[in-house]
Amino acid sequence: MFKFLDLVFDKFKVRMKIEDVEDTALKRKYDYFKSLLSNNNRALVLINDLENMLLEHKPFEYDQVVEQCEELIKVVYEISEDVNAISGGKYPDLFMVTEKIGVSILGHLVQKNKMDKASWTIPIAHLSHESHPQVGNKAANLAEISNRVNLPTPKGFSVTAFACHHFFRQSGLNERIKKEMKGLDVNSTYDLETASLRVKDMIMAATLPKGMEKAITKEVRALTSEFGDHIRLAVRSSATGEDSQGSTFAGQHSSFLNVSPGNVTHAYKEVVSSIFNPRAVFYRKSKGFRDLDVLMAVLCLTMVDAEASGCLYSIDPNDSQVDDIFINANWGLGVSVVDGSMPTDYWRISKLDLSILDQKIPEKQQMLIMGESSDLKTASVPVHKKSRPCLTLEQLKTIVKYGLKLESYFGWPLDMEWAVDKQDNIFVLQARPLQRVIRKQDIEYDSIEFDPQNHEVLLSGGMTAAPGTACGPVYILEADHHLSEIPQGSILVTPHTSPRYVSAMSKVKGIITDVGSVTGHMASVAREFGIPTLVGTSNGTDTLVPYDIITLDASRKLVFKGEVQSILKEKPRVNILKDSPVYKVVRETLKKIVPLHLVDPEADIFSPKNCRTLHDIVRFCHEMAMREMFRLGEDIKGHSQYMAVKLLTPLPLNIFVLDLGGGARSEPGLFSLTKSQIISIPFKALLNGMLHKDVQWAGRNTSGYQRKELDIVEYTIHKHKQNDNLDGPNYAIVSNEYVNFNLRLGYHFVTIDSFCSDRVNDNYIKLSFKGGAADVGLRTRRAVFIAMILRKLGFRVDQKGDMLVAEMKKYDLPRLENKLDLIGRLLGSIRLLDMVLTDDGELPWYVDEFLRGNYTFKNN
């Protein structure tokens, strides 16, 4: 754009040849105008990118948001400087307004978590649910269960989040970790594991504060005094943010079992360092948690030497119509249940009458037990227990009773871990919220009529850990394979479930396992991430052939050969960020950036003091700069012919034209032009399209709309007339071969910049589109519609959200004139379309109708 603006501006100055024109001042004003246009474009791109962070449901870095906001504030400040330089300092209030909004944005973004000073350690007996900021949800919930619900739990204490905060600060870990993690691509498994290992080594090498180590030792001595020196402890993660509604962190942090009293401080550091397990970092970044949002409190409990252990779900997480209870169990410690490494017993129990609706009791060959020297060991299950249920009917009833009591008490469905000791005592080990992940597309999928007999079934059975369908090549993960080797877009097939697979979830379309349970940690995260997962198939790794294309139907528990298109449906991205701290911070921050309140330049509120967002400031400055530049003739005493003049057309648009040389045949003393006086090749072509006989600007042919759409269109037309939005100024800078046209269509903003000549290599059209008063989904749909048409016309289009930029270069003159004519027709056709484009499926019809010449979209 600027190349040709410079060219025509130079011609403009040559034509004037007036001695009293202050050439230097005029050139300076023009330079500021160029700067403002460049900054305006940059600001709109930044605003659009920030808005799309929330709309696209892709993980984003908190630091990325801060950097973009800082750049945007800087650009908006420069725009304020530019418009004041152009206008001779008419708008000094802009600086104060920009600074006020900018300080508010950055103050909100960089606010630090308040860490109330607390004790290093707190006994479970002194905690409650209200203690979760100090000790994390896992410890706080367990304390609530013990102290207020009065159900049996292990005894112990918590090492507080404040202790972790102080440990990191005193040892200088915070800055070192921040430097190591900056710019990390969590989708690169190798980079993720390398960085995570380095950070964990830093933490393990650091020295605990003396007071903190003494406090831990004191609590351990209290337990040994009560239970004896022989006791073993479970040292478990209870990070802030963990076990919360929407973000379970299931299995992402490490816990250590059968820890001797003398090894608790070392185990504490191991648990703290697990904040930087590769799977935990991937989960945290994917869910929008900053590192500072997660501080590790650590729960130290007396070990339950378990006869049997397992999990209870108080609802079916995959079926909103069923409230049955799920229980999985195995002999020994519950690690094998939650990590899915061994077959487990399974019960489905009715909530209505507590009857057993379904049960599966596989042969259990192995179990995990406490070793003699602070370790866990795999032991063979005694022969008489292998095929026997882990629980008696009486134990089953007691566990169900505990689960229902806790669900009623907390008021949410829950995931409860439990253990039965050698003396037949049942303990609650953990309780956290259980999310039911049912999405609209899954419900629609269930209604699809489908006959499996028409397709070759490779695998059937197992359990639905996460519903849905997926198609891709089989990748069987062998013991010697690294997660980084998993191909993008594959179906991961493994012998058993494991929380460590979480860091590879960005690569896979679905998961199939031989062994595993619905209540395992990996299953929980797969549901959160919306990855179809089928577990407990018994023989998936033996049956499926590596790299063969398969279709996984996790909902129906089937695997088909090849691609079964009838059950595959493009699913909207799961918004895994929506409950995260960063998402909430960014959502609130964008309220001070994105909304546009100054939409009508003729309104009384169109002033700096009424700018409530950065977008408002950008809009105000652009409008005022245009007005100033279109008063250039006022700087040339006695030569009003160089002022902008009004273009008289039948269009309901106020168009002002500034001729920089050979763009129009103007008559001295007149302050208006007609279309016949326009000489500018690109502008004339554009006007021809806008004035096409079949394009309706003043109203809307509504015969093709449904009644609901008709009401919307009529209401919108009424509002446009009422607000007089099309009466605002629109500006065209022209020369014989050039146009820069800034057009406001209601609440939408269009810029068309074009150079058309016999010199093919110089020719181009560039169009940008932004904005709208409709819902963001509706205006984004209109942008998609425009992009589809422009691509059909041969433009290269970059479209993000409701903003698009289209470009065409090096076409001959007749072809560019034709494209500009069609763009003119498009401008009139799209004016109210976002109010009726309510379904993506409608877009191809509207595109085809426009290209057929049906510019009113009448349904014949």
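The sections below set out a description of the structure shown in this document. The structure presented is a predicted model; accordingly, all values stated were derived computationally and were not measured.

Looking at unusual backbone geometry
Even without a glycine there, the phi angle at N150 is positive, about 65°. Checked against the element boundaries, N150 lands in the loop between helix 5 (132–147) and strand 2 (156–159). Here the phi dihedral of F857 falls at roughly 55°; this positive angle occurs in a residue that is not glycine. With respect to the secondary-structure elements, F857 resides in the segment after helix 23 (843–851).

Description of the sheet that holds strand 18 (residues 508–515)
As summarised here, the arrangement of the eight strands in space is 14-21-20-16-17-18-19-15, forming an open sheet in which the pairing is mixed. The open sheet has two free edges, formed respectively by strand 14 (457–460) and strand 15 (463–466), since each of these has just one partner strand. The average undirected angle you get between the axes of adjacent strands in this sheet is 30°. With three bridges joining them, strand 14 and strand 21 (residues 558–561) adopt antiparallel strand pairing. Each bridged residue has a counterpart across the sheet, and for L459 the counterpart in strand 21 is V559. Packing against the sheet, helix 15 (residues 521–529) makes contact with strand 15, strand 18 and strand 19 (533–535), and its axis sits at approximately 55° to strand 15.

Concerning the packing of aromatic side chains
Taken as a whole, this structure holds 15 aromatic pairs when the rule is applied. Judged by centre distance (5.9 Å) and plane angle (35°), the rings of W120 and F162 are tilted. Highlighted residues: W120 in the loop between helix 4 (93–109) and strand 1 (121–123) and F162 in helix 6 (residues 161–170), separated in sequence by 42 residues. When the ring of Y409 is compared with that of F410, the centres are 5.3 Å apart and the planes differ by 85°; the resulting orientation is edge-to-face. Residue Y409 is classed as partly exposed on the basis of its relative accessible area, which comes to 39%.

Concerning the pairing of strand 12 (residues 414–421)
Along strand 12, eight of the eight residues are buried, which leaves the element largely enclosed by surrounding structure. By the alternation rule, side chains of strand 12 split into L414, M416, W418 and V420 and D415, E417, A419 and D421, which are all buried. The pairing of strand 6 (residues 306–313) with strand 12 spans seven bridges and is antiparallel. Each bridged residue has a counterpart across the sheet, and for C311 the counterpart in strand 12 is E417. As judged from the seven bridges shared by strand 12 and strand 13 (residues 426–433), these two strands associate in the antiparallel manner. The residue of strand 13 that forms the bridge with A419 is F427. A loop of four residues connects strand 12 with strand 13, the two strands running antiparallel in sequence, and D424 in this loop sits at a positive phi of about 75°.

Details of the nonpolar core
With 62 residues, the main nonpolar core has Y268 and M505 as its most contacted residues. Apart from residues lying up to four places away in sequence, M505 is in contact with F282, I511, M522, V525, A526, F529 and I531. Residues V750, C756, I765 and L826 belong to the second largest nonpolar core, which totals 57 residues.

Some points on the pattern of salt bridges
Scanning all chains against the criterion turns up 31 salt bridges. A salt bridge links R148 to E144; the shortest N-O distance between them is 3.2 Å. Salt bridges sharing common partners tie together E51, K770 and D802.

Quick notes on the rules
Residues numbered from 1 in each chain as written. Predicted model: local features only at pLDDT ≥ 70, side-chain atom pairs only at ≥ 80, totals over all residues. Heavy atoms only, no water. Helix = DSSP H or I, 4+ residues; strand = E, 2+ residues; numbered from the N terminus. Pairing = 2+ DSSP bridges. Axes fitted to C-alpha atoms, helices over the stretch in contact; angles between N-to-C directions. Contact = heavy atoms within 4.5 Å. Phe/Tyr/Trp six-rings, centres within 6.5 Å; stacked < 30°, edge-to-face > 60°. Buried < 20%, exposed > 50% of the residue type's maximum accessible area, 1.4 Å probe, protein only. Core = buried A, V, L, I, M, F, W, Y, C linked by side-chain atoms within 4.5 Å. Salt bridge = Lys/Arg side-chain N within 4 Å of Asp/Glu carboxyl O.

It is worth stressing that arrangement in space is one thing and function is another; only the former is reported here.
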